[in-house]
Amino acid sequence: MGDIQAVGWARRMPVSAGVREGRDWVRRHLATLGWDEAEPELADGVVLAVSELLTNAHVHAHSDAELVLTWDGHCLRLSVHDHSPLPPRQRTAEPGALGGRGLVLVEAVSDHWDTRPTKEGKTVTACFHPPSAVRGPLNATGAHRSAPPGTG
């Protein structure tokens, strides 16, 4: 079995920090992976998912959140943990409503997402498959290196 290489980042996002700080934090890490240049629309989708999941944690769970971003060369996982045991639920937003579309948006921009109960709340994780320009293994520093020709 080959070596498994991955890189990840984690950050506590208190309600007082706001959602914008989480979006900016994730955007900086996407830039280190090259996602911002390889496929900016996909990077924007990841940032949108961060915004929606942090908003759910802060507004609906009334909780600080733990934000975790991991990249294993196949899937970028965005996880947001909050301290409410209640699972997220999709709502039907009325036309003109300012809210109620968060999970629908996460489903639309991610390849798949799920939620898992934990001992102290729940974790919602969305997976994003990479643009072809950033496929392949990671080097020792966690930076992406190009896949050999014909393997990407």
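Below you will find a few notes about this structure. Everything numeric here is computed off the predicted structure, so don't read it as measured data. (Residues numbered from 1 in each chain as written. Predicted model: local features only at pLDDT ≥ 70, side-chain atom pairs only at ≥ 80, totals over all residues. Heavy atoms only, no water.)

## A few points about the nonpolar core
Point 1. Counting 30 residues, the largest nonpolar core has Trp-35, Leu-67, Leu-76 and Phe-128 as the members making the most contacts within it.
Point 2. If you tally residues by element for this core, the top one is helix α3 (residues 40-60), at nine residues.
Point 3. Those residues within four positions of Leu-76 in sequence are excluded, and the remaining contacts are Leu-30, Leu-33, Trp-35, Val-46, Leu-69, Thr-70, Trp-71, Ala-126, Cys-127 and Phe-128. (Core = buried A, V, L, I, M, F, W, Y, C linked by side-chain atoms within 4.5 Å. Buried < 20%, exposed > 50% of the residue type's maximum accessible area, 1.4 Å probe, protein only. Helix = DSSP H or I, 4+ residues; strand = E, 2+ residues; numbered from the N terminus. Contact = heavy atoms within 4.5 Å.)

## Remarks on the sheet that holds strand β4 (residues 112-118)
Point 1. Overall, antiparallel pairing links the five strands, which are arranged β1-β2-β3-β5-β4 in an open sheet. Lying at the two open borders of the sheet, with one neighbouring strand each, are β1 (7-13) and β4. Taking each pair of neighbouring strands and ignoring which way they run, the sheet shows an average axis angle of 15 degrees.
Point 2. Where α3 meets the sheet, it contacts β1, β2 (65-71), β3 (76-82) and β5 (121-128), and its direction lies at approximately 10 degrees from that of β3. (Pairing = 2+ DSSP bridges. Axes fitted to C-alpha atoms, helices over the stretch in contact; angles between N-to-C directions.)

## Some thoughts on the packing of helix α1 (residues 18-33) against α3
Point 1. Running from amino to carboxyl end, α1 crosses α3 at an angle of 150 degrees, the nearest separation of the two axes being 9 Å. Along this stretch, α1 crosses α3, giving a crossing that reads as right-handed. On the side of α1, the interface is formed by Gly-18, Val-19, Gly-22, Arg-23, Val-26, Arg-27 and Leu-30, while α3 contributes Ala-43, Asp-44, Val-46, Val-47, Val-50, Ser-51, Leu-54, Thr-55 and His-58.
Point 2. Residue classes in the contact of α1 with α3 are distributed as eight nonpolar, five polar and three charged. (Left-handed = near helix turned anticlockwise from the far one by under 90°. Nonpolar A, V, L, I, M, F, W, Y, C, P; charged D, E, K, R; others polar.)

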